[in-house]
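A closer look at the structure
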Amino acid sequence: MDFVSIRIITSDVARLVEFYERATGVQATWATEDFAELKTPNATLAIAGTRTVPLFAPGSARPADNHSVITEFRVADVDRVHQNLTGFVTDFVTEPTTMPWGNRSLLFRDPDGNLVNFFTPVAPAALEKFAV
């Protein structure tokens, strides 16, 4: 089995895709007006509109209702990314903070309120884990 992607359901696909393109620097590939993907070397962030939900199971997903998942991106320098996102991201949850497990993390919310973590491994164990 391969973990391939995470999909966010939103009522405004264009707005959320634009946000993630700007935040990550990754250009989205659009399949339809209701579905786009931001592909990185290790995973894909899929963004889909509410019209796609009934294709799986009507009512099974609701936009802007996530309270348990954090989408994470490893970045080269989380402090620099924080500076670049200041003035663009409107809801920082935490400033860059070094976590006990050795990552320096920046937590913020996307326009739908989903949590996003940009992190940089900084401690020896974290550097080794990610072979940075």
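Presented here is a report on the structure given in the accompanying data block.

A word on the pairing of strand β2 (residues 29-32). Here three bridges tie β2 to strand β3 (residues 35-39), and the two strands are oriented antiparallel to one another. Within β3, the residue paired with Trp30 across the bridge is Ala36.

Before going further, it helps to examine the nonpolar core. Tyr20, Leu38, Leu45, Ile47, Leu85, Phe108 and Phe118 are the most contacted members of the largest nonpolar core, which has 23 residues in total. Secondary-structure elements contributing two or more residues to this core are α1 (13-24), β3, β4 (44-49), α3 (78-85), β7 (103-109) and β8 (115-121). In terms of residues, this core owes the most to one element, α1, which gives six residues. Look past the residues within four positions of Leu38 in its chain and what remains in contact with it is Tyr20, Glu21, Thr24, Val26, Ala28, Ala43, Thr44, Leu45 and Ile47. Counting residues in hydrophobic clusters, the runner-up holds five residues, among them Phe35, Ala46, Ala48 and Val53.

Glancing now at the pattern of salt bridges. Scanning all chains against the criterion turns up eight salt bridges. One salt bridge in this structure joins Lys39 and Glu37, with 3.7 Å as the shortest N-O distance. Across the pair Asp77 and Arg80 runs a salt bridge, and its minimum N-O distance is 3.7 Å. Within this structure, Glu33, Asp34 and Arg51 form a network of salt bridges that share partners.

In this section: the packing of aromatic side chains. All told, the structure shown has seven aromatic pairs when counted by the stated rule. Judged by centre distance (5.2 Å) and plane angle (20°), the rings of Phe19 and Phe88 are stacked. Residue Phe19 is located in helix α1, and its partner Phe88 is located in the loop between α3 and β6 (92-98); the two are separated by 69 residues in the primary sequence. Overall, the relative accessible area of 24% leaves Phe88 in the partly exposed class. On the numbers, 5.1 Å between centres and 90° between planes, the contact of Phe108 with Phe118 is edge-to-face. You can see Phe108 sitting in strand β7 and its partner Phe118 sitting in strand β8, a full ten residues away along the chain. Classification of Phe108 as buried rests on a relative accessible area of 1%. Taken together, Phe19, Tyr20, Phe73, Phe88, Phe92, Phe108 and Phe118 form an aromatic cluster joined through their ring pairs.

Parameters and conventions
- Residues numbered from 1 in each chain as written.
- Predicted model: local features only at pLDDT ≥ 70, side-chain atom pairs only at ≥ 80, totals over all residues.
- Heavy atoms only, no water.
- Pairing = 2+ DSSP bridges.
- Helix = DSSP H or I, 4+ residues; strand = E, 2+ residues; numbered from the N terminus.
- Core = buried A, V, L, I, M, F, W, Y, C linked by side-chain atoms within 4.5 Å.
- Buried < 20%, exposed > 50% of the residue type's maximum accessible area, 1.4 Å probe, protein only.
- Contact = heavy atoms within 4.5 Å.
- Salt bridge = Lys/Arg side-chain N within 4 Å of Asp/Glu carboxyl O.
- Phe/Tyr/Trp six-rings, centres within 6.5 Å; stacked < 30°, edge-to-face > 60°.

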